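# A look at the structure
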Amino acid sequence: MNPFEYAQPDTEQAALELLAEPGKSTAVLAGGTDLIPLMKRGVVSPDRVVNIREIDALKAIETDDRGNVWVGAAVSLAQFANDSGTDLLPAANQVIHNLGSIQVQAQTTVVGELLHRPRCWYFRRGHGLLADQGRKVIEGDSRYHAILGNRGPAKFVSASRLAPSLIAMGARLRVLGPRREDECWIELAQLYRTPGADDDLEITLRPGQWVTHLVIPPVGECLTAAYEVRHGEGPDPPLAAAAVSLRLERGLVRDAQIILGQVAPRPWSATRAAEALCGQPLNEHTVAVAGSEAVAGAVPLPDNKYKIQLASVAVRRALLIAAGRETGGLDGPMIRPADDPPPQLKLA
Amino acid sequence: MADTQYRWPENHQARLIGKRTDRLDGLVKSNGTAKYTYDVNLPQQLIVRAVDCPHAHCNVVSIDVSAAERIPGVVLVHLLNAPAAGDEPVEIRAAGTLIAAVAAETEAAAAAGAAAVQVEYELLTPFVADDDLAAAEQAGLTKRAGGGIELDEALGEPGDEDDEEEWEEQTIQSLFEQSKYVVQGKYGIDAITHCCLEPHGTTLYWDGSRLKAYLSTQNVSQTDDGFAGALGVTADDVDVTCEYIGGGFGSKFQPNYWGIAAAEISRQTGRPVKFMLTREQELKVGGNRPSAFLEVKLGADENGVVQVWDSHHWGTSGFNGSTVSVSTVPYVFRPQNWRRKATGIVTNNEPSVAWRAPNHPQACAITQTAYDDLAAAMQADSFDIFLRNLAHIDDPEKAPVYAAQLRLAADSIDWRQHWHPHGQGEKRGSVVEGLGLAIHKWAGTANSSNCLLKIHPDGGVESYCGTQDLGTGTRTVCGLVLAETFGLPIDAVKVNIGSSTYPFSGASGGSTTVGAVSESHRRAAQDALAQILELVANKLNVTADQLEVSGGRISVAGYSDQSMSWKEACSLIGVQPLEVTSSYRRGTQSPLSSANVAGCQMAHVAVDTDTGVVKIKKMVAVQDVGLIMNRKTAESQVYGAMIMSIAAALFEQRINDPASGDFVNANLADYKLPRLGDIGELVVHFYEPESERSRGVIGLGEPPVISGCAAISNAVCNALGVRVPTLPMTPQRVLDALANAKG
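A brief report on the enclosed structure follows. (Residues numbered from 1 in each chain as written. Chains lettered and ligands numbered in written order. Predicted model: local features only at pLDDT ≥ 70, side-chain atom pairs only at ≥ 80, totals over all residues. Heavy atoms only, no water.)

### Topic: the overall build of chain B
This is how the line gets drawn: Starting at the N terminus, helices and strands are each numbered in turn, a helix being any DSSP run of H or I of at least four residues and a strand any DSSP run of E of at least two. Radius of gyration: C-alpha atoms only; globule rule: 2.2 Å multiplied by the number of residues to the exponent 0.38. The classification of residues rests on relative accessible area computed with a 1.4 Å probe and restricted to protein chains. Under 20% of the type maximum is buried, over 50% is exposed, and intermediate values are partly exposed. Should any heavy atoms of two residues lie within 4.5 Å, those residues are considered in contact. Residue exposure ignores everything except the shown protein chains as possible cover, and the areas themselves are Shrake-Rupley values with a 1.4 Å probe. Charged residues are defined here as Lys and Arg on the positive side and Asp and Glu on the negative side; His and the ends of the chain fall outside this count. Taken as the charge centre is NZ of Lys, CZ of Arg, CG of Asp or CD of Glu, depending on the residue.
Of the regular secondary structure elements, chain B holds 19 helices and 29 strands. Since a compact globule built from 743 residues should have a radius of gyration of about 27 Å, the 28 Å found for chain B is in line with a globular shape. Here chain B holds 743 residues, and 61% of them are scored as buried. In chain B, of all internal contacts separated by at least 6 residues, the share reaching a separation of at least 24 is 79%. Summed over all atoms, the accessible surface of chain B reaches about 27500 Å², with 47% contributed by carbon and sulfur. Once the 59 positive and 89 negative side-chain charges of chain B are each reduced to a mean point, those two points are 7 Å apart.

### Observations concerning the nonpolar core
The condition that has to hold: Think of a nonpolar core as a cluster: buried Ala, Val, Leu, Ile, Met, Phe, Trp, Tyr and Cys residues, connected wherever their side-chain atoms sit within 4.5 Å.
Membership of the largest hydrophobic core comes to 106 residues, with the highest contact counts inside it found for L390 and I712 of chain B. Discounting residues that sit within four places of it in the chain, I712 of chain B has contacts with A603, V605, I616, M619, S645, I646, A649, L650 and M729 of chain B. Residues L58, A81, L191 and I259 of chain A belong to the second largest nonpolar core, which totals 51 residues.

### Points about the pairing of strand β6 (residues 172-176) of chain A
Residue and element names in this part refer to chain A. Applicable threshold: Only when DSSP finds a minimum of two bridges between them are two strands counted as paired.
Counting buried positions along β6 gives 4 out of 5 residues, so the element sits mostly inside the fold. The sheet contact formed by β6 and strand β7 (residues 184-187) spans 4 bridges and is antiparallel. When the sheet's bridge partners are listed, R174 is paired in β7 with W185. By the bridge criterion, 5 bridges tie β6 to strand β8 (residues 210-216) in an arrangement that is antiparallel. Note that in β8 the partner of L173 across the bridge is L214.

### What to know about the side chain of H312 of chain B
Residue and element names in this part refer to chain B. Selection criterion: Distance and chemistry together define a polar contact, namely a pair of N or O atoms within 3.5 Å, with one atom able to donate a hydrogen and the other to accept it when in protein, and with adjacent residues in sequence counting only for side-chain atoms on both sides.
Note on placement: H312 falls in strand β16 (residues 306-315). Look at H312 and you get buried, because its relative accessible area is 16%. Looking at H312, its side chain comes within polar contact range of the side chain of T343, at 2.7 Å. Each residue touching H312, except ones within four places of it in the same chain, is listed here: L133, F293, L294, E295, K341, A342 and T343.

### Describing the sheet that holds strand β10 (residues 201-207) of chain B
Sheet strands associate in pairs through backbone hydrogen bonding, adopting either a parallel or an antiparallel arrangement. Residues and elements named next belong to chain B. What counts, and what does not: Only the stretch in contact is used when a helix axis is fitted, and all axes are lines through C-alpha atoms; the angle between N-to-C directions ranges over 0 to 180 degrees.
The sheet built from 7 strands is open, its strands ordered β3-β5-β1-β13-β10-β11-β12 with mixed pairing. Looking along the sheet, the strands with just one partner apiece sit at the ends: β3 (74-79) and β12 (238-241). Put simply, the sheet's adjacent strands are angled 20° from each other on average, direction ignored. Strand direction decides the pairing type here: β3 and strand β5 (residues 98-104), joined by 5 bridges, are antiparallel. Across the sheet, the residue bridging to L76 is A103, located in β5. Packing of helix α6 (residues 223-231) onto the sheet brings it into contact with β10, β11 (210-215) and β12, and relative to β12 it is tilted by some 140°.

### A short note on the interface of chain B and chain A
To keep things clear, this is the line we draw: Two parts lose some accessible area (1.4 Å probe) when they are put together, and adding that loss for both gives the buried area. Basic side-chain nitrogens of Lys or Arg form a salt bridge, by our definition, when they fall within 4 Å of a carboxyl oxygen of Asp or Glu. Any residue outside Ala, Val, Leu, Ile, Met, Phe, Trp, Tyr, Cys, Pro, Asp, Glu, Lys and Arg is labelled polar, Gly included; the first ten of those are nonpolar and the last four are charged.
At the interface, 36 residues of chain B touch 31 residues of chain A. Around 2800 Å² of area is buried between chain B and chain A when both sides are counted, 52% of it from carbon and sulfur atoms. Interface area lost by chain B to chain A is led by K672, R675 and Q732 of chain B, which between them contribute 20%. One salt bridge in this structure joins D236 of chain A and R675 of chain B, with 2.7 Å as the shortest N-O distance. For the side of chain B that touches chain A, the class distribution of residues is 14 nonpolar, 10 polar and 12 charged.

### Let's talk about the packing of helix α11 (residues 284-294) of chain A against helix α12 (residues 306-322) of chain A
All names here are of chain A. Threshold: With the far helix as reference, a near helix turned anticlockwise by less than a right angle produces a left-handed crossing, and one turned clockwise produces a right-handed crossing.
Across the interface, α11 lies against α12 with an axial gap of 8 Å and an inter-helix angle of 145°. Relative to α12, the crossing made by α11 is right-handed. Residues E284, V287, A288, A290, G291, S292 and A294 of α11 touch α12, and the partners they reach there are S312, V315, R316, L319 and L320. Residue classes in the contact of α11 with α12 are distributed as 7 nonpolar, 3 polar and 2 charged.

So this is what it looks like as structure tokens:
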């Protein structure tokens, strides 16, 4: 780890100035569960690290009068899962529950989780996000890499586990910087992109820009659910994941969002699968068709053909859970809208 | 005074032996006061960070340390596997090999220094495909690793005119022709690493010409030799201390080259030195277990009793190119006719070291799966097939023990209720369940051990023994043996272990420690007690054999009013403490310890056929272990072993990048291990009729870690009706196996 400056501002304005100083590479520190390991390995080496966790304005979860849930950038996963304002967000809570590790839940922030860097072992070993224009992956071990959106040089998969469900719900981000007057809103879906050149990042934020809040619109009548195919319990990345948000009218799907995770360099919107569902009732057949459609364009790398089936199963099961049905699989307890968060998430 | 007859108390007399005793060091370990090697920091110490090689196969052509030496805080750069200026290149044959060690005032400076070392590498072609025998042969990277043949005498011998090998081949083929069932299969298990939570390393300093080393080691009494030999001093100049260790599993018997380097850096700088491996280095060079892959054809009679076994197995132990011992194939079972061959593969990985029960878990996983496939082919109950094949095992006397253990395990896991023919279970949604079993063996002979015991005139008891507690409860066993013997509570004795200045005790490897310390501590305690009883007998005007010891008192049997407290008894010793030294030598016949255990494990799994995810519902271990000393830690030992089996069966593998050879998952984020929710219900039964108990103490470290993998593999096969040939059975491999079966 290289020497770096450390700053701990207590206002947004102070953080803004610290993060946007020209000529300095800066990094936001919130939970540090991803940044610190990356710095220790030398994958990133910012000149200045700005800890935003002590900014009071970022510590709360609040619901505004339109029913939007505002989640500050200092809010931890555990705080989110325990907050009554998020009870109606079963998909996101399911993912936090799946993470299992109490330490990770307590330390990682919700916004930070959305910004976790890819777990690709070539990236983490210093070969760059594109890993020699994808060659390291193709010639190497690609078992955990992309099956969709992988025709360019980027072969990694987007790391965030919360992003698919929050995108499906239409979440947005409040973004500050580099200058005060640059404050803007971006759709969470637009945070992510597939890099094409060596200097590109997997997110669209520019230097000096940082996220202060995640804002989740009211779920309303929508049915939401997430399903992660996990090798084992705990914080390891799922092998494939899907989140859905559905609006039904008279038993038929009126509107559907289906977002895949862990299968592409960015959270992957399965639009054909969503279209196939529209106008249909939810039953074994229609969810199976949606599952197949979701991976219709998938092209496996040498070692990851199995992920196509897993992604398809994830879509099918997320839809079944949203519909209140059993998945038929080997699943732990599923979280549905309920008054009580799962007991293991209750922190003293 | 007659010679003491060493023996254990009868079952009904034992107060502590066989009961549940909390660990003596449980509290200090839980609250963090216990100092592990990694916790030891000495005044003025330098911290070392090693530069490790990012390439699996290369030459280190040159190394430039000048930039590192200029980093503020860097004190010394010490070359490990790098040429001095002008020397020939040094070939590196495994990723992670330590190239140079940077000693600095702070951890940050050491890390910055390591990053600034400039190494010129010349890349060479790596080979890491340890499962691919043909590729290894083509690359010229195979080594014959033994083999042999044994045929029933009734089959005759080759005639004078016969070519011996041809005759053997014909005989084997005719045995297959006579077999009612013939099964062919391929099985494998990947290399895994020891993954010690506390990485290898040491903190040490020179006190004049004496080296004082805090070393994370399983071998307190003998690593001084390792240091001494390499440093040009004698073992009496080296003191090794290890009070607590964060995992060894067979990988921490030596100071290792980094430990020697720490001593050299300390000698050169005159400062204490702390040199611990990083997490990635720990996984890459701290220790690994060889892979094993096997092709077999077996033939069985109408009852499913194997008549002929014909196998070839291979695998890698790293760049020294060995594989699992051919003598362990097939495992436990020994058909009357067998031919076996083994080939080692040279790969660009660090050479393997002992891993809990060396050879046995892999041998079990690649051979008892074939026995289960025989049951599958017959659509017979695996339980029956294993039971019938006990007719031909390598230690026939153990057959009744295995049979009894299998029945006990079957009852515990409800075998009869849950079993179904392979692949014929009820499917609920996409989930099928299955049962599997496997059996194992181990020696567990007591190691050599000496103990110095002091009884003070005020009643204080302290012992000294150069053994070590791997976390298994050795310290507690020492204490309970003394306390049992003297009729005292366990907290009335002070146990001192973990220093090479104490009397010699053997390394903790091969399940040898509990026997070793039980021997030495019981012998010392009985000898000391005999002397004290003589003094008490004189005082009470009785003979020593009339006395009994319990509840902190020594009394005349049948006359409880004629007694004295332990403290009063000890006051008879005089003004100097009574000192007794005991010595037990490995291999000495003794009523206190013996060897050779059997054991079996059964697994009940559920498999999601849509995702390939396997979940353990329940595992049962049945184990004989002679006389159990501390039931609580004995159970813990088995629980831990079962969890390690689940890890290797479903999660753990070293993943080598096929192009660069690098070990790409060498960190705990990518190296998969089971979590609490992955281990299901674990049940431990000790098989302990008096016939076992009377055999004395036998080691328990290795046996319970052997047959779990095969049992889980067999359970998955029972669920799916399809063998997932190679462990770990990841979702990918399960789905591949299902797809291959569909064709």
